[in-house]
Amino acid sequence: MGAARLLAKAWVVFCVFAGAYEARQLLAADAPFQQFAGPIAVCVLLFGAMGLLFIAGYGVSGVNGSFRARLKPDHWMPGFNGLVFIAFAIVIFIVQTSYLPQHVSSSVLSALEASVHFAIPGQRALEYRLDACTLDGGRVTASALSWLLAIVFLGSALSRVRLAAGIVRLERQQRPGTIGPASLTLLLGIFAVIAIQFLLLGSIFPLMPCDMLVEVPGELLIGLGPLMLAYLIVAAVTDLLSLGPEA
């Protein structure tokens, strides 16, 4: 789980789903698909390429030996955790954009909302903010589903975290990075703590304007925020365990 690959995968996910959310909002507004499909695709590719260019520059700066050796397909193909993450993200996107607007309430969804409301402070903070902005449209349920899948992903990934830490340790010995392993683990830990404060505890929601909650940033934060937080926690724990000799 090198830093460059971690950043690259996160940036690709962000760009792809941001473009998908924007396209879904334009479709909901009855905009002609042929008019916005091209510009959105160009923006996704442009911003994705810009981010990957900077990330690739960081990766090249830390190369000891041939850079081509770090471009093998098995280094970039998603593993089991990555496939589960992608599948959960697609499920959240489909439910959030296609199912929930027509099925805002049901007994199953109400039970899911109540369970997550009890367990996650950030869910309660989101609900209070949506109530203050007189917004819903399935956003509360989408957030509850995202938290549920994030917890499932986190438990699944942590059950194999020692194996992943051993793989990271071997990769680090073969290809040392620009940032030392302890420094990288510290940075991931700091980012994870900040993300937990913002999302799990809900500190970010009172700071968000009401109009932002209905735009792409709000849709991304509500839909993919918990799942990406779980991925970040797994990355931080994996790097932390890889520092020990028993990894």
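Small disclaimer: the values here were computed from a predicted structure and weren't measured. (Residues numbered from 1 in each chain as written. Predicted model: local features only at pLDDT ≥ 70, side-chain atom pairs only at ≥ 80, totals over all residues. Heavy atoms only, no water.)

Colleague: Outline the overall build of the protein, supporting the account with residue identities and numerical values.
Modeller: A tally of helices and strands in the protein yields twelve helices and zero strands. Written out in order from the N terminus, the α and β elements of the protein read α-α-α-α-α-α-α-α-α-α-α-α. Long-range pairs, those at least 24 residues apart, make up 81% of the contacts in the protein between residues at least 6 apart in sequence. (Helix = DSSP H or I, 4+ residues; strand = E, 2+ residues; numbered from the N terminus. Contact = heavy atoms within 4.5 Å.)

Colleague: Give a description of helix α9 (residues 181-200) that names residues and reports values.
Modeller: Relative to the 28 Å expected for 20 residues at 1.5 Å per residue, α9 spans 27 Å between its end C-alpha atoms, a close match to the ideal helical length. Here α9 has its buried residues at Leu-184, Thr-185, Leu-188, Ala-192, Ala-195 and Leu-199. One side of α9 holds all its buried residues, which, seen down the axis, span an arc of 95°. In α9, the exposed positions that point more than 90 degrees away from the buried face belong to Leu-186 and Val-193. Just downstream of α9, Gly-202 is the residue with a positive phi angle, here 80°. (Expected span 1.5 Å × (residues − 1). Buried < 20%, exposed > 50% of the residue type's maximum accessible area, 1.4 Å probe, protein only. Arc of directions from axis to C-beta.)

Colleague: Describe the packing of aromatic side chains, with residues and values.
Modeller: If you walk through the whole model with that rule in mind, you get seven aromatic pairs. Seen in terms of ring centroids, Tyr-21 and Phe-93 are 5.1 Å apart; in terms of plane orientation they differ by 75°. Their pairing is edge-to-face. Separated by 72 residues along the polypeptide, Tyr-21 in helix α1 (residues 3-28) and Phe-93 in helix α4 (residues 80-99) bring together distant segments of the chain. Of the two residues, Tyr-21 and Phe-93, neither departs from the other in class, the shared state being buried. In this structure an aromatic cluster arises from ring pairing among Phe-17, Tyr-21 and Phe-93. (Phe/Tyr/Trp six-rings, centres within 6.5 Å; stacked < 30°, edge-to-face > 60°.)

Colleague: If you had to explain the pattern of salt bridges to someone new, which residues and values would you point to?
Modeller: All told, the structure shown has one salt bridge when counted by the stated rule. Arg-139 is paired through a salt bridge with Glu-219; the nearest N and O atoms lie 3.7 Å apart. Of this pair, Arg-139 sits in helix α7 (residues 139-158) while Glu-219 sits in helix α11 (residues 216-223), placing them 80 residues apart in sequence. An identical accessibility class is assigned to Arg-139 and Glu-219; each is buried. (Salt bridge = Lys/Arg side-chain N within 4 Å of Asp/Glu carboxyl O.)

Colleague: Describe unusual backbone geometry, listing the residues and the values that go with them.
Modeller: A positive phi is found at Asp-30, a non-glycine position, where the angle reads about 65°. The topology assignment puts Asp-30 in the loop between α1 and α2 (33-61). With relative accessibility at 69%, the residue Asp-30 sits in the exposed group. A positive phi is found at Thr-134, a non-glycine position, where the angle reads about 50°. On the secondary structure map, Thr-134 appears in the loop between α6 (121-132) and α7.

Colleague: How would you sum up the nonpolar core? Please name residues and give values.
Modeller: Nonpolar side chains in soluble globular proteins tend to end up buried together. Ranked by internal contacts, the top residues of the largest apolar core, which has 49 residues, are Phe-17, Phe-153 and Leu-227. Residue assignment for this core shows that the elements contributing at least two residues are α1, α4, α5 (107-119), α6, α7, α9, α11 and α12 (225-242). Those residues in contact with Leu-227 that lie beyond four places of it in its chain are Phe-85, Phe-88, Ala-89, Ile-92, Ser-146, Leu-149, Ala-150 and Phe-153. (Core = buried A, V, L, I, M, F, W, Y, C linked by side-chain atoms within 4.5 Å.)

Colleague: Lay out the environment of Ala-144 in plain terms, naming residues and giving numbers.
Modeller: On the secondary structure map, Ala-144 appears in helix α7. Among the residues examined, Ala-144 registers a relative accessible area of 0% and is labelled buried. Along the backbone, Ala-144 and Leu-109 are 35 residues apart, and their C-alpha atoms lie at a distance of 8.8 Å. Residues within four places of Ala-144 in sequence aside, it is in contact with Leu-112, Glu-113, Val-116 and Gln-123.

Colleague: Pulling in residues and values, what's your account of the environment of Gly-51?
Modeller: Note that Gly-51 resides in helix α2. Take Gly-51: its relative accessible area is 13%, and that puts it in the buried class.

Colleague: Which residues make up the confidence of the model for the protein, and what are the values?
Modeller: For the protein, per-residue confidence averages 83 on the pLDDT scale, and residues scoring 70 or more make up 85% of the total. In the model of the protein, helix α3 (residues 73-76) stands out as the element of lowest mean pLDDT, 59, in contrast to α6, which has the highest, 94. (pLDDT = per-residue confidence, 0-100.)

Colleague: Outline α11, supporting the account with residue identities and numerical values.
Modeller: A large share of α11 lies buried, amounting to seven of its eight residues. Within α11 the residues assigned to the buried category are Val-216, Gly-218, Glu-219, Leu-220, Leu-221, Ile-222 and Gly-223.

Colleague: Provide a residue-level description of the state of the cysteines, including the pertinent values.
Modeller: Here the structure, examined in full by the defined rule, presents one disulfide. Through a disulfide, Cys-133 is tied to Cys-210; the S-S separation comes to 2.0 Å. Taking the sign of the S-S torsion, about -75° here, the bridge from Cys-133 to Cys-210 comes out left-handed. Of this pair, Cys-133 sits in the loop between α6 and α7 while Cys-210 sits in helix α10 (residues 210-213), placing them 77 residues apart in sequence. (Disulfide = S-S within 2.5 Å.)

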